[in-house]
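Chain residues, written in single-letter form:
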Amino acid sequence: MRILKLLIAAIIQVSNLVWAQNFYDEHPHLMELTPKNFDKVIHGTNYTSVVEFYAPWCGYCQQLKPIMKKVAKNLDGIVQVASVNCDLPKNKQLCAQNRIQGFPTLMVYRPPRVDLSKPYSERVKLGNHASEVYKGERKLAPIIDFTVSRMKNYVRRLLNLNKLSEMFGKSTRPSMILFSKKEKLSPIYKSIAVDWLGSYNCFMIPNNKVAPLSSDDNLAKFYPNIYGFLQGLVEKQKNSEKSLLVVFDPHNDQYYVFQDSPLVKAQVSKFLKESLGYNPQEGPGSRRQQFVDAIKSGKAKKVEHDEL
Ligand SMILES: *[C@@H]1O[C@H](CO)[C@@H](O)[C@H](O)[C@H]1NC(C)=O
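As a starting point, this report considers the structure included with it. Small disclaimer: the values here were computed from a predicted structure and weren't measured.

Another aspect to go through is the overall build of the protein chain. Of regular secondary structure, the protein chain possesses 12 helices and 10 strands. Residues counted as buried form 46% of the 308 residues belonging to the protein chain. A sequence separation of at least 24 residues applies to 75% of the contacts in the protein chain between residues at least 6 apart. Counting every atom, the protein chain has about 16700 Å² of accessible surface; 54% of that belongs to carbon and sulfur. Once the 44 positive and 28 negative side-chain charges of the protein chain are each reduced to a mean point, those two points are 5 Å apart.

What follows is about the state of the cysteines. For the coordinates displayed, the defined rule picks out 2 disulfides. Residue pairing for Cys86: its cysteine sulfur links by disulfide to Cys95, the two sulfurs lying 2.1 Å apart. In this structure, the disulfide formed by Cys86 and Cys95 twists by about -95° around the S-S bond and is classed as left-handed. The same class applies to Cys86 and to Cys95, which are both buried. When the bonded cysteines of the protein chain are counted from the start of the sequence, the pairing works out to 1-2, 3-4.

What follows is about the packing of aromatic side chains. Applying the stated criterion to the full structure yields 14 aromatic pairs. Judged by centre distance (5.7 Å) and plane angle (85°), the rings of Phe23 and Tyr24 are edge-to-face. Among the residues examined, Tyr24 registers a relative accessible area of 1% and is labelled buried. Both rings, one in Trp57 and one in Phe103, keep their centres 6.1 Å apart while their planes meet at 80°; by these two values the pair is edge-to-face. Within this pair, whereas Trp57 is found in the loop between β2 (49-54) and α3 (59-74), its partner Phe103 is found in the loop between α4 (92-97) and β4 (105-110), the two being separated by 46 residues in sequence. Each member of the aromatic cluster is reached from another via a ring pair, and the members are Phe168, Tyr223, Phe229, Phe248 and Tyr255. A cation sits over an aromatic face here: Lys65 above Phe23, 4.5 Å from the ring centre. Here Arg138 stacks its cationic end above the ring of Tyr60, 5.8 Å away from the centre of that ring.

With that out of the way, let us pick up helix α7 (residues 187-195). Counted residue by residue, α7 has 7 buried out of 9 residues, so it is predominantly covered. Looking at α7, one finds that the buried residues are Tyr189, Lys190, Ser191, Ile192, Ala193, Val194 and Asp195. Where α7 is buried, its residues meet α5 (140-149), β6 (155-157), β7 (175-180), β8 (201-206), β9 (244-249) and α10 (265-276).

Spatially, 5 strands are ordered β6-β8-β7-β9-β10 in an open sheet, and the strand pairing comes out mixed. Of all the strands in the sheet, just β6 and β10 (254-258) have a single pairing partner and so form its edges. Sheet twist, expressed as the mean angle between neighbouring strand axes with direction ignored, is 25°. Judged from the 5 bridges that link them, β7 and β9 form a sheet pairing that is antiparallel.

Basis of the calculations
- Within any chain, residue numbers begin from 1 and follow the written order of that chain's sequence.
- Local features in this predicted model are restricted to residues whose pLDDT is 70 or higher, and side-chain atom pairs enter the listing and the counts only when it is 80 or higher, whereas totals over whole chains, interfaces and linings include all residues.
- Excluded from the side-chain calculation are hydrogens and water; included are all heavy atoms of the structure.
- Helix and strand labels come from DSSP, where a helix needs a run of H or I of at least four residues and a strand needs a run of E of at least two; each type is numbered from the N terminus.
- For each residue, the accessible area found with a 1.4 Å probe, counting protein chains only, is set against the maximum for its type, and the residue is called buried under 20%, exposed over 50%, and partly exposed in between.
- The contact rule is simple, with two residues in contact once any of their heavy atoms fall within 4.5 Å.
- Accessible areas in this description were obtained via Shrake-Rupley with a 1.4 Å probe; residue shielding takes into account the shown protein chains only.
- Counted as positive: Lys and Arg. Counted as negative: Asp and Glu, with His and the chain ends omitted from the count.
- One atom stands in for each charge, and that atom is NZ of Lys, CZ of Arg, CG of Asp or CD of Glu.
- The rule for a disulfide is simple: a pair of cysteine sulfur atoms within 2.5 Å.
- Stacked, edge-to-face and tilted labels apply to pairs of Phe, Tyr and Trp rings (six-membered ring for Trp) whose centres lie within 6.5 Å, assigned for plane angles under 30 degrees, over 60, and everything in between, in that order.
- Charge over a ring is defined by NZ of Lys or CZ of Arg lying within 6 Å of the ring centre and within 35 degrees of the ring normal.
- DSSP calls a pair of strands paired once it identifies at least 2 bridges connecting them.
- The axes are straight lines fitted to the C-alpha atoms, using for helices just the contacting stretch, and the angles between their N-to-C directions are given from 0 to 180°.

Quick look at the structure:
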């Protein structure tokens, strides 16, 4: 009898542990958040985030779990994907503060727009991302489409290369231009613009809009080296099936070409660092990325414990 009781108690304990278990610990693309890191991860960024508030015992949450893993993999480097286990006592207040009423709730957080024309000290501060409950279907494509549509866009479309000298004249920042095989703005490129916000002006021009430069262009007068390069590029890039990323440093009349075709963020980041010696604020090669990676790998949690 006693043994049976002990056995039952043990089973209850084990199953409680299983039920309370976080879904995504040490997931490479998804962050399990706690009150200690939530604000810094979600609000301390120029990225958009989607957060799944869940309870491990809930059936719909279990159904959503494999989908969220795929969402996170697809959105890696584009939109932050995170989760909060509302069943843990330490997270209850966080879930209440975010007005979570049922599980799972997918909440999307949008950063405020940074006005780069204002001096640094007057730009918006942390802590004011707008939140919005995702009400669409709990399927891969709709979740991805919705969250990507909530990204801030700092890429400007350029429909005419002749506008470049005007753009160069307006800002002291160097520029990058994506000559794009697609008409549609790529989310990866949008995220690169976020990583380097304030360091580069970001433009894109679809390859089918690339046309010869007019010869009386100011570009020829003020930026002869860049002008010469672009003249040569036009023929190759016009209607090309390949995208090309080029950095322009008008101040020194210099340009740098990213040779690898698909935009892989780590490589782009390396290229951008090497071109002009700047460091990204976020994304690969940034200090913030180390912080984010530590949360994903569970190392941040160990640090928390060590502090206790
Ligand atoms: C967002 O980008 C702006 C512009 O570079 C920067 O001043 C600000 O600190 C960034 N915000 C965060 C939270 O990183």
